[in-house]
Amino acid sequence: MLGQRTNGNRKVGFWCRMITTGIALVLIASLAVAQVVIVPSRLRTSRPTGKAKSKSKKKPQESVAQPAQLTAELAGVNPPAPKLSFTITPPALGKLEPVEPEAPAKPKTAPELLGYEFDVIRADERGRLVERRKERARFYVENAGAGVTLEMVELPAGSFVMGSNPNELDQIGINYGRALNKDAKLVVQSRLLAETPQRTVKVAGFYMSKYEITQAQWRAVAGLPKVNHELMSDPSAFKGGNRPVEQISWEDAVEFCERLSRLTGRRYRLPTEAEWEYACRAGTTWPFSLGETVEPDWVNYDGKQPYASAAKDTFRQQTVSVGSLGVANAFGLYDMHGNVWEWCLDAWHETYAGAPVDGSVWQADAEKAPRVLRGGAWDSPAGECRSSERKQSNSQLRLNNVGFRVVAEVDAPLIVKR
């Protein structure tokens, strides 16, 4: 009878040890992720190193039981669970690296170039059409977010003569100021000196937005994360999604370009002054890329103040939707004359003396300098819309006749759709 009871107690003791060991193994597994090593004290018995012994199918020898434990088993009492000791190994800490500023996202694929057709005209000094023809150019579509896109036109590398010929300034002043009073004419003559001296400039190829940046495009990009400062989502005085955004400072325009660059992974910025005039002239040497003068049918300006021998005409007194007048220059760019003045990247300089001849930005003494505006606006006399006309403004000033367009640098071959 005593033997049966002893065998039963031994079985109970054996299963208690097995359960205790199982609990310990579960704890070891659950804490392994935190690099915590748990070693049960019962398992920390000394064992000689060397070849591991094969597992025996025999029952465990009772001699491993300690006297106190055996006494408890004989009394029919379960022995206490073995105590656990913990050895904690903290995770290794690597060297802390400095956090780099967020870089523009890399575009997943190169943009695809598409072709389009447009009308180009040439007018004489009276504003009469002497030529109208079809031209073609290539562009790619950029996603600006919120379902809004930009069309970026491919401009070839080339060279051109920038500025006005000093020998022609008197005639330009006459053509410019037929409707101006004497004092205003003197101001014009002084301003024309800023277009000299002429120089030949070599420009690398780049991409320019087909239109001035619209209010819809502005809202989409203004909703992206801030880079340097906040942007108003709807700053324009003349409302309309396809109208050019205005009341934009130079600093606002730069912030727009930074946000667009980070979204797309392509480098967007304002055009340099040389790039702007090269794009505007589109291979021409006339006062306007459209000929010797302009008319309100093709350009949005103050038609009451014409240029050369053109007649007085309509003054709309507001912006119009980009591209709505239906005429582009020979590069396929719309509204390069009138509608809104356009910011350039350069700091203002009184003349072109010492200016770069490679199309790069002219930033000497730029910290507090005004910035350059080009192209004229809806309230400008026709003369202010000439290809070589330039003007200055404070970089923080916001006016309802000032907007901008963007360029993209060519840094990778593009996929061409034929």
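That block above? That's the structure.
We now turn to the structure provided with this report. All figures in this text were calculated on a predicted structure; none of them were measured in a lab. (Residues numbered from 1 in each chain as written. Predicted model: local features only at pLDDT ≥ 70, side-chain atom pairs only at ≥ 80, totals over all residues. Heavy atoms only, no water.)

Moving on, we get to the sheet that holds strand β11 (residues 371-374). What the four strands build is an open sheet, ordered β12-β11-β10-β13; its pairing is mixed. Of all strands in the sheet, those with a lone pairing partner are β12 (390-393) and β13 (402-403), marking the two edges. (Pairing = 2+ DSSP bridges. Helix = DSSP H or I, 4+ residues; strand = E, 2+ residues; numbered from the N terminus.)

Below, the discussion takes up the pattern of salt bridges. Overall, the coordinates contain 25 salt bridges when judged by the stated rule. We note a salt bridge from E131 to R122, for which the minimum N-O separation is 3.5 Å. The exposure class assigned to E131 is partly exposed, which follows from its relative accessible area of 30%. A salt bridge links E389 to R386, with the nearest nitrogen and oxygen atoms 2.7 Å apart. The pair formed by E389 and R386 is uniform in burial state, with each residue classed as buried. Within this structure, R191, E195, E384, R386 and E389 form a network of salt bridges that share partners. (Salt bridge = Lys/Arg side-chain N within 4 Å of Asp/Glu carboxyl O. Buried < 20%, exposed > 50% of the residue type's maximum accessible area, 1.4 Å probe, protein only.)

Right, let's get into helix α7 (residues 273-281). Three- or four-residue spacings in an α-helix give side chains the same orientation, since the helix completes a turn every 3.6 residues. Burial analysis of α7 places nine of its nine residues in the buried class, the great majority of the element. Looking at α7, one finds that the buried residues are E273, A274, E275, W276, E277, Y278, A279, C280 and R281. A282 sits one or two residues past α7 and shows a positive phi near 50°.

This part takes up the packing of aromatic side chains. Throughout the structure, instances matching the rule amount to twelve aromatic pairs. Where F160 meets Y278, the ring centres are 5.5 Å apart and the plane angle is 50°; that geometry is what we call tilted. Here F160 is found in strand β6 (residues 158-162), whereas its partner Y278 is found in helix α7, with 118 residues between them in sequence. On the basis of relative accessibility, which here comes to 11%, the residue F160 falls in the buried class. An aromatic cluster of at least three residues, connected via ring pairs, comprises Y116, F118 and F139. Between R199 and the ring centre of Y352, over which it is positioned, the NZ or CZ distance is 4.6 Å. (Phe/Tyr/Trp six-rings, centres within 6.5 Å; stacked < 30°, edge-to-face > 60°. Lys NZ or Arg CZ within 6 Å of the ring centre and 35° of its normal.)

On to the packing of helix α3 (residues 169-176) against helix α4 (residues 182-192). α4 packs onto α3 with a crossing angle of 140° between their chain directions and a minimal axis gap of 10 Å. Classed by the angle they form, the pair α3 and α4 counts as oblique. Note on packing geometry: the crossing formed by α3 with α4 is right-handed. Residues L169, D170, I172, G173 and Y176 of α3 form the contact with α4, whose own contacting residues are V188, Q189, R191 and L192. Counted by class, the contact of α3 with α4 contains five nonpolar, two polar and two charged residues. (Axes fitted to C-alpha atoms, helices over the stretch in contact; angles between N-to-C directions. Parallel < 35°, antiparallel > 145°, perpendicular 65-115°, else oblique. Left-handed = near helix turned anticlockwise from the far one by under 90°. Contact = heavy atoms within 4.5 Å. Nonpolar A, V, L, I, M, F, W, Y, C, P; charged D, E, K, R; others polar.)

Attention now goes to helix α6 (residues 250-264). Under the 1.5 Å per step criterion, the end-to-end length of α6 is 21 Å for 15 residues, consistent within 8% with the ideal 21 Å. For α6, a buried count of eleven out of 15 residues is recorded, marking the element as mostly surrounded by other parts of the structure. Among all positions of α6, only W250, D252, A253, E255, F256, C257, E258, R259, L260, S261 and T264 are buried. Its buried side turned inward, α6 meets β4 (129-145), β5 (148-155), α5 (215-222), β9 (268-269), β10 (341-347) and β11. Once α6 ends, the next one or two residues include G265, with phi positive near 85°. (Expected span 1.5 Å × (residues − 1).)

Right, let's talk about unusual backbone geometry for a bit. Following T196, the chain continues into P197 via a peptide bond in cis, with omega recorded as -10°. Residue placement: P197 occurs in the loop between α4 and β7 (199-203). A positive phi angle, close to 60°, is found at Q247, a residue other than glycine. Mapped onto the secondary structure, Q247 falls in the loop between α5 and α6. Judged by relative accessible area, Q247 falls into the partly exposed class, the value being 26%. A positive phi angle, close to 50°, is found at A282, a residue other than glycine.

One pass over the structure, following the stated rule, counts zero disulfides. Here C280 stays unpaired: no disulfide links it, and the sulfur of C385, its closest cysteine neighbor, is 9.7 Å away. Taking relative accessible area as the criterion, C280 reaches 0% and is therefore assigned buried. (Disulfide = S-S within 2.5 Å.)

Turning next to the side chain of D302. Among the secondary structure elements, D302 is positioned in the loop between α7 and β10. Within the buried core, D302 has no salt-bridge partner, and the shortest N-O distance to an opposite charge, that of K304, equals 7.0 Å. A polar contact of 3.0 Å, which involves the side chain of D302, links it to the backbone nitrogen of K304. At 2.8 Å, the side chain of D302 forms a polar contact with the side chain of Q305. Once residues lying within four places of it in the same chain are set aside, the contact partners of D302 are T314, F315, W378, D379, S380 and P381. (Lys, Arg positive; Asp, Glu negative; His and termini not counted. Polar contact = N/O pair within 3.5 Å; in protein donor to acceptor, adjacent residues only side chain to side chain.)

Our next topic: the pairing of strand β3 (residues 112-123). By the bridge criterion, ten bridges tie β3 to β4 in an arrangement that is antiparallel. Paired with L114 across the strands is F139, a residue of β4. Connecting β3 to the next strand, β4, in antiparallel fashion are five residues, including G127 with a positive phi near 90°.

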